[in-house]
Amino acid sequence: MARRLLALAVSATALQAPHAKAPTAPLQATATAPAKTGPTWDDHVAIPEAPDTMVKGVEGNDSMRRKFEQMLREAQNKICSAVEELDGEGTFRQDVWERENGGGGISRVMAGGKVWEKAGCSLSVVYGSMPQEALASATERGVDRAKGMEPGERVPFFACGLSSVMHPRNPMAPTMHFNYRYFETDGGVWWFGGGTDITPAYLFEEDMAHFHGTYKDICDKHDPEYYAKFKKWADDYFLIKHRGETRGLGGIFFDDQNNKSPDEHYAFSKECVNAVTDAYLPIVAKRKDAPFTEQEKEWQLMRRGRHVGVKMG
């Protein structure tokens, strides 16, 4: 449950950036509005440009919270620039927002590009709270960390993540999704999660070998057990049970990673998110101009629908 909290701010709907709401006439209701229990989309306030950091100043420049946010912002810039360069015409529209209790986000969306029909890459920083039961169910360490708290007391948390979905025009070029995140409670519980996966409409074995090979090399560099474990995790995670099929051809996925030092997990996450350009863009560059029929386009759109209803965080 807790591992899904970040989906409130960073999700597969990264393609939908929040916009300021038009003013409406006040309702003549007498009922008292329910108390807030955590961040919601209504907490977003649009701002003209992104500040240097969305992490609270009290965290310190050397904190993992600040370090992870900075790494993801650099990755967002790198990935968006590379996608724009390959597209040649499309550009990302940026929306920036903040929240009153801290945090905020940077949404970037490209629509109607030459190569991509739609591509989104969104960063979010979240401060909120969650029930103790949610913390306990997310990681075994949470059981001990929650002890000493009053019954019913909520656990303050921080989350930061970068999420993306990219849909090329050409059905011979695959859709790609990634999400990388860091989660930490004020009580000291922390973990890393994330992954990158690919969904082709038409299979080219050399493309899949390149994509999976890129991430296998990274996994092997950090831990010889990572690739087999995280590939299976991705296959299981993106299984559409009611259809008896996987959403695509997988990739890697991991969550609740805190069995090594924070710096080791950070280094792995950093290399994985920055490998998106090497693992994915060469495939799109190879297939973007391939001929296709109307029927092949229709099949692509049907396959694209497999993204609907699949949990992302």
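For the structure itself, look to the data block above.
What comes next is a walk through the structure.

Criteria and cut-off values
- Residues numbered from 1 in each chain as written.
- Predicted model: local features only at pLDDT ≥ 70, side-chain atom pairs only at ≥ 80, totals over all residues.
- Heavy atoms only, no water.
- Helix = DSSP H or I, 4+ residues; strand = E, 2+ residues; numbered from the N terminus.
- Buried < 20%, exposed > 50% of the residue type's maximum accessible area, 1.4 Å probe, protein only.
- Areas by Shrake-Rupley, 256 points an atom, 1.4 Å probe, with all protein chains shown as cover.
- Axes fitted to C-alpha atoms, helices over the stretch in contact; angles between N-to-C directions.
- Parallel < 35°, antiparallel > 145°, perpendicular 65-115°, else oblique.
- Contact = heavy atoms within 4.5 Å.
- Nonpolar A, V, L, I, M, F, W, Y, C, P; charged D, E, K, R; others polar.
- Core = buried A, V, L, I, M, F, W, Y, C linked by side-chain atoms within 4.5 Å.
- Pairing = 2+ DSSP bridges.
- Phe/Tyr/Trp six-rings, centres within 6.5 Å; stacked < 30°, edge-to-face > 60°.
- Lys NZ or Arg CZ within 6 Å of the ring centre and 35° of its normal.
- Arc of directions from axis to C-beta.
- Polar contact = N/O pair within 3.5 Å; in protein donor to acceptor, adjacent residues only side chain to side chain.

Looking now at the overall build of the protein. Helix and strand content of the protein: eight helices and ten strands. In the protein, which comprises 313 residues, the proportion classed as buried is 50%. Within the structure as shown, the protein displays about 15200 Å² of accessible surface, and the carbon and sulfur contribution to it stands at 53%.

Taken N-terminus to C-terminus, the directions of helix H4 (residues 205-222) and helix H7 (residues 276-287) make an angle of 170°; their axes are 8 Å apart at the nearest point. As summarised for this structure, H4 and H7 are arranged roughly antiparallel, according to the angle between their axes. For the pair H4 and H7, contact is made by Glu206, Asp207, His210, Phe211, Thr214 and Tyr215 and by Val276, Asp278, Ala279, Pro282, Ile283, Lys286 and Arg287, respectively. Its residues assigned to classes, the contact of H4 with H7 shows six nonpolar, two polar and five charged.

Formed by 55 residues in total, the largest nonpolar core has its most connected members in Trp116, Phe178, Tyr180, Tyr215, Ile252 and Phe268. Beyond its immediate sequence surroundings of up to four residues, Tyr215 is in contact with Tyr180, Thr196, Tyr227, Ile252, Cys272, Ala275, Val276 and Ala279. Counting residues in hydrophobic clusters, the runner-up holds ten residues, among them Val126, Leu135, Phe183 and Val189.

Attention now moves to the pairing of strand S2 (residues 93-99). Remember that side chains alternate between the two faces of the sheet whenever the strand is regular. Here strand S1 (residues 44-47) pairs with S2 via four bridges, running antiparallel. Across the sheet, His44 pairs through a bridge with Arg99, a residue of S2. As judged from the six bridges shared by S2 and strand S3 (residues 103-111), these two strands associate in the antiparallel manner. Within S3, the position partnered with Trp97 by the bridge is Gly105. Two successive antiparallel strands, S2 and S3, enclose a turn made up of three residues, where Gly102 displays a positive phi of approximately 110°.

Evaluated as defined, the whole model comprises 18 aromatic pairs. Ring geometry for Phe230 versus Trp233: centroids 6.3 Å apart, planes at 45°, classification tilted. One end of the pair, Phe230, and the other, Trp233, are both in helix H5 (residues 226-237), three residues apart, so they sit about a helical turn from each other. Residue Trp233 is classed as partly exposed on the basis of its relative accessible area, which comes to 24%. Through pairs of rings, three or more aromatic residues link up here, namely Phe178, Tyr180, Tyr226, Phe230, Trp233, Phe253, Phe254 and Phe268. One cation-aromatic arrangement involves Lys56 over Tyr127; the distance from NZ or CZ to the ring centre is 4.4 Å.

Bringing the environment of Gly251 into the picture now. By the element assignment, Gly251 lies in strand S10 (residues 251-257). A residue is classified by how much of its surface remains accessible, and Gly251, at 3% relative accessible area, is buried. Distance in space between the C-alpha atoms of Gly251 and Lys231 is 5.7 Å, their sequence separation being 20 residues.

Taken in spatial order, the eight strands line up as S1-S2-S3-S4-S5-S6-S7-S10 in an open sheet, and their pairing is antiparallel. Edge positions in the sheet fall to S1 and S10, since each has one partner strand and no second. Going across the sheet, the axis of each strand differs from the next one's by a mean of 15°, ignoring polarity. Where strand S6 (residues 175-185) meets strand S7 (residues 190-199), ten bridges bridge the pair, whose relative direction is antiparallel. Opposite Thr175, over in S7, you have Thr199 as the bridge partner. Set on the sheet, H4 makes contact with S6, S7 and S10; between it and S7 the angle comes to about 160°. Running over the sheet, H7 touches strand S4 (116-130), strand S5 (155-168), S6 and S7 and is turned about 165° from S6.

Below, the discussion takes up helix H8 (residues 294-304). Of the residues making up H8, those classed as buried are Lys297, Gln300, Arg303 and Arg304. Projected onto a plane normal to the axis of H8, the buried residues spread over an arc of 120° and lie on a single side. Exposed side chains of H8 directed beyond 90 degrees from the buried face belong to Glu294 and Gln295.

Here we take up the side chain of Ser107. Inspection of the secondary structure puts Ser107 in strand S3. Residue classification places Ser107 among the buried residues on the basis of a relative accessible area of 3%. A distance of 3.3 Å separates polar atoms of two side chains, one belonging to Ser107 and the other to Ser122.

A few words on the environment of Val115. The residue Val115 is located in the loop between S3 and S4 in this model. Judged by its relative accessible area of 7%, Val115 is buried. A sequence separation of 169 residues divides Val115 from Val284, and the C-alpha atoms of the two residues are 8.4 Å apart. In this view, Val115 contacts Leu86, Asp87, Pro168, Arg169, Val284 and Lys288; residues no more than four positions away in its chain are not counted.

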